[in-house]
Amino acid sequence: MKSDASHSLPLAPAALHVLLSLAAEDLHGYAIMQDVARQSEGKYKLQPGTLYDNLQKLIRRGWVEELGHKPGDDDPRRRYYRLSALGRGVLEAEIARLAAVVREARLRLQVGKPGRA
Amino acid sequence: MLRFLYRGLLVLHPPLFRKRFAEEMQAIFDQIGSRSGRIRLVTDGVLSLLRQWSLRTEFWQEPAPVAGEASPKGIPSFLTLDPFRPRAAAVVQGITLSTLVFCLTCFSIRYSWIHVLHVRIPEVEFESPASHERAVPRPEPGPIRSRAAAPRQDSFSGSSRPSQTPPTKASVLAPAEGTEAGAERDLRPGPPGQEDKRRAWSPTRNVASRVAAVPGSGLSEIQLALSGAENLPVPRTRSVQSLIPIQKISDDEKHHVIELAAADLAKYYAEPDVARKMGAALEVHEKHGDDDAATEGADFADLVTRQMQDVSHDKQLILVYGAALAPDSPHPPSAAEIAAYRHKMERTNCGFEIVRVLPQNVGYLKFNSFPDAKICGQRAAAAMAQLNDVNAIIFDLRENPGGYSNMVALLATYLFDRPTHLNDFYNRSENTNEEDWTLAPVPGNHLADKPAFVLTSHLTFSAAEAFSYDLKMLKRATLVGETTSGRGHMAMGHRIDELFMIRIPGIKVVNPVSKTNWEGIGVRPDVEVLAADALTVAEKMAETAAPGK
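Residues numbered from 1 in each chain as written. Chains lettered and ligands numbered in written order. Predicted model: local features only at pLDDT ≥ 70, side-chain atom pairs only at ≥ 80, totals over all residues. Heavy atoms only, no water.

What to know about the pairing of strand β3 (residues 362-367) of chain B
Residue and element names in this part refer to chain B.
Thinking step 1. Most of β3 is tucked away: six of the six residues are buried.
Thinking step 2. Burial of the side chains of β3 extends over both faces: Val-362, Tyr-364 and Lys-366 are buried on one face and Gly-363, Leu-365 and Phe-367 on the other.
Thinking step 3. Looking at chain direction, strand β2 (residues 352-358) and β3 are connected through six bridges and run antiparallel. Along β3, the bridge assignment pairs Phe-352 with Phe-367.
Thinking step 4. Connecting β2 to the next strand, β3, in antiparallel fashion are three residues, including Gln-360 with a positive phi near 70°. (Buried < 20%, exposed > 50% of the residue type's maximum accessible area, 1.4 Å probe, protein only. Helix = DSSP H or I, 4+ residues; strand = E, 2+ residues; numbered from the N terminus. Pairing = 2+ DSSP bridges.)

See below:
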């Protein structure tokens, strides 16, 4: 698989949110779900099926690493996940792409606005 | 309960996914307290299950380690044996896809076997057996036009046709009995041919040929135009329309035509009583001034034809305008013409379009003419030999416009274990009656006791109708399809003058069982279905009726 991030862009919303959740710290699945809901202010809620489907893909691509159980966690069934360096690169590329889109969009919306008298 | 259900769903996931994530998903489920939340998770579990099994086949197995990127010493190695092994999922998909394609292919083959698609390519033929009647322009729809649109062989008088065909280089003529010691029984349609030699093409009545009115080389061009559009009846009449002079005719000429037409009817028409009635009707119409409206030749011919058909209901009886385009001097076909006919038959496999054994060992023979058995006998025998071991046989005559009666007898021979009386041919003008029988049984033939089916349509004409009718009367075949066109007489052209010709059915077929024929009414099938469905229906019947079933 090519490591060039541009080949993988744009990311699907679920993948983007998962990567974004893991960007700050290592999290287990349930925490990722909650963080995604928080990121989107409750508008986008990941269900476990979608979450683990995406995690499966992200792990296979090498963007996310599976850390396994973390000592001291309440529930021994939980596994933690970490954003890999490759995943971080992809996320940064995606954020840059989105930023360009937002910039362009703002510009156009500004131009398109009716002029003030 | 929901927990149990969710656990079950997780267990059903692909092993790798289950091993990796099932515990954690279960932990999430346990963390959700509300019932509605758990129901949502169960729904999500179902979707996940479907997704993982159908769309994530690449995750069913761990990825194979990348092999041979470099040798231990850092020297790139070139592996000659590819370590690639297809994923199990890919194999499963491949098998599924292959099976699907295989099934579809099998289905298509079977479908095409049963539903034969016919793409007609208009073929320029140089033969125009009934050119004189086709040469009549029919600018307006009417009974005559539909008559003119009739297929090329509208009576099984194949051998008689050639002698009417003009002796142009371009014409390909079927051999007449005169060329081959014509007394053989299987050239029964011969009588019309014999009639040629003495019939009404007399110079006294044939005042002058107007062929010169046709631009260019005349007849052959017309025939080309006509025969090239044989299967396209409407354009056919148009193609020659401009070649026929539009001419007004006088009352005297009308009277002359009616008089001679009535005389010809009385002399030649197969049913003397009907001929008399028609003659009287023509006279009455003339007296009442019914003919006054028709001032042009073509209209007048239409009108008189209608008047004759109103009495006789005989679609083959027709007054033809533009007769000048027909030949004046009929002659037996030359050796070259016979050779050309033979060549044409060889090129078209004698009209035997499909010879096939359908599933359940049902034989299927589709042929679109009854060619001269003298030319095509061997091919017919070869076709029947191919089907010799079938359990039942289907003859497809749905697009068969007829031809030679000797082929009718030849093919029917395979269905009987002894010579069988098929028909009588009554020649009115000669007052002769000739019997038509099947030939001696073919050695090694296994079809004599096998169920037989004949597919018919409204386009089944003449000799094809004879074949259907004979087998029906003898209860030897089950007819499936539509009622046939109803051409039970054999017609010949008789010139009236340089522009008019009358085509009179002078020989009638009399079936020994029914003592009548199908003229005007057609042969009614035993099982009446649309022609398009006939094969499917007959095939099912054949499968059921076949011995040993």
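Read on, since the account is not over.
Comments concerning the state of the cysteines
Residue and element names in this part refer to chain B.
Thinking step 1. Counting across every chain of the model gives one disulfide over all chains.
Thinking step 2. Residue pairing for Cys-350: its cysteine sulfur links by disulfide to Cys-376, the two sulfurs lying 2.0 Å apart. Between Cys-350 and Cys-376, the S-S torsion sits near -80°, and that sign places the bridge as left-handed. Here Cys-376 lies in helix α14 (residues 373-386) and Cys-350 lies in the loop between α13 (335-347) and β2, a separation of 26 residues in the sequence. The residues Cys-350 and Cys-376 share a single accessibility class, namely buried.
Thinking step 3. Its sulfur unpaired, Cys-103 is 6.5 Å from the next cysteine sulfur, which belongs to Cys-106.
Thinking step 4. Classification of Cys-103 by relative accessible area gives partly exposed; the value is 45%. (Disulfide = S-S within 2.5 Å.)

Concerning the interface of chain B and chain A
Thinking step 1. Opposite the 27 residues of chain B that make contact, chain A presents 21 residues.
Thinking step 2. Buried area between chain B and chain A, summed over both chains or domains, comes out near 2200 Å², and the portion from carbon and sulfur atoms is 52%.
Thinking step 3. Looking at the side of chain B facing chain A, the largest losses of area belong to Arg-20, Glu-24 and Phe-59 of chain B, adding up to 29% of the total buried there.
Thinking step 4. In this structure, the connection of chain B to chain A is made through three salt bridges.
Thinking step 5. Linking Arg-56 of chain B and Asp-53 of chain A is a salt bridge whose minimum nitrogen-to-oxygen distance equals 2.7 Å.
Thinking step 6. Counting residues per element, the ones that place at least two in the side of chain B that touches chain A are α1 (2-11), α2 (15-31) and α3 (35-54) of chain B.
Thinking step 7. Broken down by element, the side of chain B that touches chain A gets its largest block of residues, 12 residues, from α2 of chain B.
Thinking step 8. Split by residue class, the side of chain B that touches chain A holds 10 nonpolar, five polar and 12 charged. (Contact = heavy atoms within 4.5 Å. Buried area = accessible area lost by both parts, 1.4 Å probe. Salt bridge = Lys/Arg side-chain N within 4 Å of Asp/Glu carboxyl O. Nonpolar A, V, L, I, M, F, W, Y, C, P; charged D, E, K, R; others polar.)

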